[in-house]
Amino acid sequence: PGPGSGVATGLLGGFTGIYGPPLMLYLASLRLKKSEFVVAISQFFVAGNIGLTVGLYAFGGAGLDELPLPAAATVPTYAGLWLGQRVHARLDESRFTAVLYFVYLATGTSFLIRAFG
């Protein structure tokens, strides 16, 4: 399942810039502990974002004059990371898994609403 998930993630990310859903499903199938899950998904998202950024600049989708806005967007991102770390530290394994599956369900529902709503 790993290579297939990698291909699906890469194709979806390359076409749409959204590579999370197949990645989330793959990581859920591994049943990682919460700390292992956070490390793995963080590494995947960093690698994916580097690829998207290089692609946008290399193929003319963005220019250096547009760099300040994404740079400014890192401020709320880091605030969210800080908050997420605090929540993560307070959840035991079973509650973390329950929250994670709720996030999966909410993400899937939002995609369906956008597609059919």
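The model shown is predicted, which means the values in this text are computed figures rather than measured ones. (Residues numbered from 1 in each chain as written. Predicted model: local features only at pLDDT ≥ 70, side-chain atom pairs only at ≥ 80, totals over all residues. Heavy atoms only, no water.)

Draft legend 1. Region of the structure containing unusual backbone geometry. One non-glycine residue with positive phi stands out, namely Arg31, at about 50°. Turning to its location among the elements, Arg31 is positioned in the loop between α2 (20-30) and α3 (34-58). Taking the relative accessible area as the measure of exposure, Arg31 reaches 68% and is therefore exposed. (Helix = DSSP H or I, 4+ residues; strand = E, 2+ residues; numbered from the N terminus. Buried < 20%, exposed > 50% of the residue type's maximum accessible area, 1.4 Å probe, protein only.)

Draft legend 2. Fine view of the environment of Ser29. The residue Ser29 is located in helix α2 in this model. When its relative accessible area of 47% is taken as the criterion, Ser29 is described as partly exposed. At a separation of 2.6 Å, a polar atom in the side chain of Ser29 contacts the main-chain carbonyl oxygen of Tyr26. (Polar contact = N/O pair within 3.5 Å; in protein donor to acceptor, adjacent residues only side chain to side chain.)

Draft legend 3. Focus on α2. Among the residues of α2, those classed as buried are Gly20, Pro22, Leu23, Met24, Leu27 and Ala28. Where the residues of α2 are buried, they touch α1 (2-16), α3 and α5 (93-116). Of the residues flanking the end of α2, it is Arg31, one or two places downstream, whose phi is positive at about 50°. (Contact = heavy atoms within 4.5 Å.)

Draft legend 4. Examining the packing of α3 against α5 more closely. As a packed pair, α3 and α5 sit with axes 10 Å apart at the nearest point and diverge in direction by 40°. In terms of axis orientation, α3 runs oblique to α5. Taking contact as the criterion, the partners of Lys34, Phe37 and Val38 in α3 are, on α5, Glu93, Phe96, Leu100 and Tyr104. Residue classes in the contact of α3 with α5 are distributed as five nonpolar, no polar and two charged. (Axes fitted to C-alpha atoms, helices over the stretch in contact; angles between N-to-C directions. Parallel < 35°, antiparallel > 145°, perpendicular 65-115°, else oblique. Nonpolar A, V, L, I, M, F, W, Y, C, P; charged D, E, K, R; others polar.)

Draft legend 5. The arrangement of the packing of α2 against α5 in detail. It is at 11 Å that the axes of α2 and α5 come closest, and there the two elements cross at 150°. Classified by the angle between their axes, α2 and α5 sit roughly antiparallel to one another. Considering how the two elements wind past one another, α2 and α5 form a crossing that is left-handed. Seen from α2, the contacting residues are Pro21, Met24 and Ala28; seen from α5, they are Tyr101, Tyr104, Thr107 and Phe111. Of the residues belonging to the contact of α2 with α5, the class tally is six nonpolar, one polar and no charged. (Left-handed = near helix turned anticlockwise from the far one by under 90°.)

Draft legend 6. Structural view of the packing of aromatic side chains. By the definition in use, this model includes two aromatic pairs. Considering the side-chain rings of Phe37 and Phe96, the 5.9 Å spacing of their centres and the 65° angle between planes classify their relative orientation as edge-to-face. Of this pair, Phe37 sits in helix α3 while Phe96 sits in helix α5; the two residues are 59 residues apart in sequence, bridging distant segments of the chain. (Phe/Tyr/Trp six-rings, centres within 6.5 Å; stacked < 30°, edge-to-face > 60°.)

Draft legend 7. Seen up close, the side chain of Lys34. Secondary-structure assignment places Lys34 in helix α3. Notably, Lys34 is buried but unbridged: the nearest opposite-charge side chain belongs to Glu93, and the N-O separation is 5.6 Å. (Lys, Arg positive; Asp, Glu negative; His and termini not counted. Salt bridge = Lys/Arg side-chain N within 4 Å of Asp/Glu carboxyl O.)

Keep in mind that these numbers describe shape and distance, not what the molecule does.
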